Amino acid sequence: FSIDITYPYPFTNMLGVMSVFSFDFLSFECYIQDETNYFTSLYLWCVLPICVSFLILAMGVLRALFEKNRTEIMNSHFWGFLLWTYMVLPSVSSKQLQTLDCVPMNGDRYVRTNTSIDCESSSYKENLPLVIIFIVLYHSVPFLWFWLLHRKRDALNPSTTNGDLELALYVRKHNHDLAPLRFLFVDYKCSKWWFEIFDMYRRISFISLIPLISPKAPVRASLGSVLAVVSIVLIRELRPYQGKYVNYVANIAQYAIAVTYYFALSLSTGSVVTFGLQGKSLGGFLIVFNLVVVVLTIWLAMTTRKQFLKEQADKEWKATRYEDATGFSETKFLTTLESIREHDIPNSDAMVFHFTSFSLAKAARKSGIVALKSCNGVPLTLRRPFSSTDADVEVFRSKSNDKYKEKFPNEAVLVLSLPKHYLDKLPGYEQDDGLCMISADVLHALRPTSFSAVVDEQPWLGNDRNPTGFAILAPTNILRAYKIMDAVDTSVVEKYDNGVVDVRLPTLNKVAPFKSIVEYTSTMKTVRQTCKERNLIPLFHYTDPKFASLIIQSGLRMSTQGQGDGGVYVSTQGPA
């Protein structure tokens, strides 16, 4: 309709199929057989969506009168109302503006889509004012969207996040007051919350306004090409969408529109280069070109989703990873930390330690270490485990549990790398060269602009009393997390479906060589059955026989290096 060009087969068939998505199959003229069928059909197109809109809102009001969660109900129905207007606006707008598209024929002017309607007839002139009223009404809908969004502009583009783009998106996403409007801005950057209104008018211009500017097909095709090029430039420069791949796809789609209009100009004038394409070959090329855009869109969407899931899995793995240093000797800790200092810490940084509870250590790996009010910062120490002093114990020991005070300040230790010039003296311990801190002011200044390395962003957002978020030392500064505790008792408690029972595990005291493969497989069958009953998995650690006795005496010890970094390596595959 917008160009009045018949594309060659099979592209024209593809356009017919695609018309389903613009509701062109809803043709009321087929059901109305009187002389005013055209305007009757047009009025049905205009009135029925309005009736559905009122029905959606009326049902919401009635439900709110009889149910408790009134706000949630009204928000959901208002969302449905806005979504409905979004769905029907392009197609209804096209039907309305077709009425104004009159073309000269035999000295008279007729509606181009229905040449039985004389634009100079009294019937046409009588119906025209009402049609214009409907046009103004429907084309005011995006202004309604804009007004609703503009009222919430501060929430749509939060200024309290100090330019932190990802934090702004997080705050906007969790603002329940924006729920009814979410589909209008959810895909866009915070600063581009208005772009959907612009894009709707751009779409209306393509499908409805171009035909009104000129009755000549070459002029329409030229205007479409220019508008497509302008869209390419705007989307490329504004990059309104959150995802970079979405911006790429949006730009590629504009190129597809531009190419389609370019060949329409060629077909309407015959003077534009078509690179040897004509007839079915041109129609086939247009189909392939547009399908490539669709396939590329799907591929980019799948790639983006896959990459997102991988990044989330990597973050979760890194954030929840800790190393069990149970039973580590002082020498083992020394060699482990020296290896970290040599390979992971630059000369400008200092290796510092933060003792804390095991639960807080796991939380720190996910979101970072929250500054304490007592010192207005994060307390740190230069003294490694086994070198702690009474001052370390006093600063880091849990006030509710002093079980580790004789050996360690607390049950877990975080190893961090921080620039030396960020470190200050710890208030109250200025004479102690081993204790230090990183102040809250420095942490606010170092606040990251991206949460790509943070699994849990909630501590960064703060609460009602602290809307700008807490001062937090980012988890990217944490190199290792060690669990420090006394040797585990051989008496373990296992929970079964029928209750809790105390199970005494056998204590090994020597290496037991097998005399035959039959004896080994028989023993392993018993082991596997026992593991299955207890919901456990048998694991295997391969080592030299002379080291096996040492492992029985003191347990497995973590290596500082390996193919998967430091740790204890085991396999699920046995020798046989």
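Residues numbered from 1 in each chain as written. Predicted model: local features only at pLDDT ≥ 70, side-chain atom pairs only at ≥ 80, totals over all residues. Heavy atoms only, no water.

**Q** Sorry, what's going on with the overall build of the protein here?
**A** Counting its regular elements, the protein contains 19 helices and 14 strands. A burial count over the protein gives 38% of its 576 residues as buried. Across the protein, contacts joining residues at least 24 apart in sequence account for 70% of those joining residues at least 6 apart. As displayed, the protein has an accessible area near 33,500 Å², and 59% of this comes from carbon and sulfur atoms. (Helix = DSSP H or I, 4+ residues; strand = E, 2+ residues; numbered from the N terminus. Buried < 20%, exposed > 50% of the residue type's maximum accessible area, 1.4 Å probe, protein only. Contact = heavy atoms within 4.5 Å. Areas by Shrake-Rupley, 256 points an atom, 1.4 Å probe, with all protein chains shown as cover.)

**Q** Please clarify how unusual backbone geometry should be interpreted in this entry.
**A** In this structure, Arg239 is a non-glycine residue whose phi angle is positive, near 45°. Mapped onto the elements, Arg239 comes out in the loop between helix 10 (217–238) and helix 11 (244–269).

**Q** What am I meant to see in the sheet that holds strand 3 (residues 114–118) here?
**A** Hydrogen bonds between backbone groups are what pair the strands of a sheet, and the pairing can be parallel or antiparallel. Strands sit in the order 1-2-3 across an open sheet of 3 strands; the sheet is antiparallel. At either margin of the open sheet sits one strand with a lone partner, and together these are strand 1 (102–105) and strand 3. Averaged over neighbouring strand pairs, the angle between their axes works out to 50° when direction is ignored. Here strand 2 (residues 108–111) runs beside strand 3; their pairing, made up of 2 bridges, is antiparallel. Looking at strand 3, one finds that Tyr110 is bridged to Asp118. (Pairing = 2+ DSSP bridges. Axes fitted to C-alpha atoms, helices over the stretch in contact; angles between N-to-C directions.)

**Q** Would you take a moment to explain the environment of Leu169 for this structure?
**A** Of note, Leu169 is situated in helix 7 (residues 165–173). A relative accessible area of 25% means that Leu169 is categorised as partly exposed. With residues up to four places along the chain from it excluded, the contact list for Leu169 reads Tyr188, Cys190 and Gln242.

**Q** Would you explain the nonpolar core in this entry?
**A** The tendency in soluble globular proteins is for nonpolar side chains to be buried side by side. Membership of the largest hydrophobic core comes to 36 residues, with the highest contact counts inside it found for Phe39, Leu82, Leu89, Val111, Tyr124, Trp145 and Leu149. Contributing elements (two or more residues each) for this core: helix 2 (37–66), helix 3 (70–98), helix 4 (122–139), helix 5 (141–151), helix 8 (182–185) and helix 9 (195–213). Among the elements that take part in this core, helix 2 stands out by supplying 7 residues, more than any other. Residues contacting Tyr124, with those up to four places away along its chain left out, are Phe39, Thr99, Leu100, Cys102, Val111, Ile117, Asp118 and Cys119. (Core = buried A, V, L, I, M, F, W, Y, C linked by side-chain atoms within 4.5 Å.)

**Q** Is there a simple way to explain the state of the cysteines in this structure?
**A** Two cysteines joined by a covalent bond between their sulfur atoms form a disulfide. Throughout the structure, instances matching the rule amount to 1 disulfide. For Cys102, the disulfide goes to Cys119, at an S-S distance of 2.0 Å. Note on the Cys102 and Cys119 pair: the S-S dihedral is about -95°, so by sign convention the disulfide is left-handed. Here Cys102 is found in strand 1, whereas its partner Cys119 is found in the loop between strand 3 and helix 4, with 17 residues between them in sequence. (Disulfide = S-S within 2.5 Å.)

**Q** Would you mind showing me how to read the confidence of the model for the protein here?
**A** Any region with low pLDDT has predicted coordinates that should not be read closely. Of all residues in the protein, 79% attain a pLDDT of 70 or more, and the chain-wide mean is 78. Confidence over residues 399–406 falls short of pLDDT 50; this stretch has 9 contacts with residues more than four positions distant or in other chains. Overall, residues 486–506 carries pLDDT values under 50, and its contacts beyond four positions in sequence, including any with other chains, amount to 26 contacts. (pLDDT = per-residue confidence, 0-100.)

**Q** Is there a simple way to explain helix 18 (residues 517–533) in this structure?
**A** Along an α-helix, residues three or four positions apart point the same way, because every turn accommodates 3.6 residues. For helix 18, spanning 17 residues, the distance from its first C-alpha to its last is 24 Å, which sits close to the expected 24 Å at 1.5 Å a residue. Of the residues trailing helix 18, Asn535 is marked for its positive phi of about 60°. (Expected span 1.5 Å × (residues − 1).)

**Q** It is not clear to me how the side chain of Thr336 should be interpreted in this structure. Could you clarify?
**A** Position of Thr336 relative to the elements: it lies in helix 13 (residues 330–344). Overall, the relative accessible area of 2% leaves Thr336 in the buried class. At a separation of 2.8 Å, a polar atom in the side chain of Thr336 contacts the main-chain carbonyl oxygen of Lys332. (Polar contact = N/O pair within 3.5 Å; in protein donor to acceptor, adjacent residues only side chain to side chain.)

**Q** Explain the packing of aromatic side chains to me, please; I cannot follow it from the model alone.
**A** Aromatic rings in a pair are described by how distant their centres are and how their planes are angled relative to each other. Applying the stated criterion to the full structure yields 18 aromatic pairs. A network of ring pairs unites the aromatic residues Tyr38, Phe39, Tyr43, Tyr124 and Phe134 as a single cluster. The positively charged end of Arg151 is found above the aromatic ring belonging to Trp147, 5.0 Å away from the centroid. Sitting over the ring of Phe358, Lys483 keeps its end group 4.8 Å from the ring centre. (Phe/Tyr/Trp six-rings, centres within 6.5 Å; stacked < 30°, edge-to-face > 60°. Lys NZ or Arg CZ within 6 Å of the ring centre and 35° of its normal.)

**Q** Looking at this structure, how should I read a nonpolar patch on the surface?
**A** Together, Leu100, Ile132, Val136, Leu209 and Leu212 make up an exposed nonpolar region whose accessible area comes to about 370 Å². For the nonpolar patch, the secondary structure elements donating two or more residues are helix 4 and helix 9. Mapped onto the elements of the fold, Leu100 is located in the loop between helix 3 and strand 1. With a relative accessible area of 32%, Leu100 lands in the partly exposed category. (Patch = residues over 30% accessible without salt bridge, like charges linked within 9 Å, V, L, I, M, F, W, Y side chains within 5 Å. Salt bridge = Lys/Arg side-chain N within 4 Å of Asp/Glu carboxyl O.)

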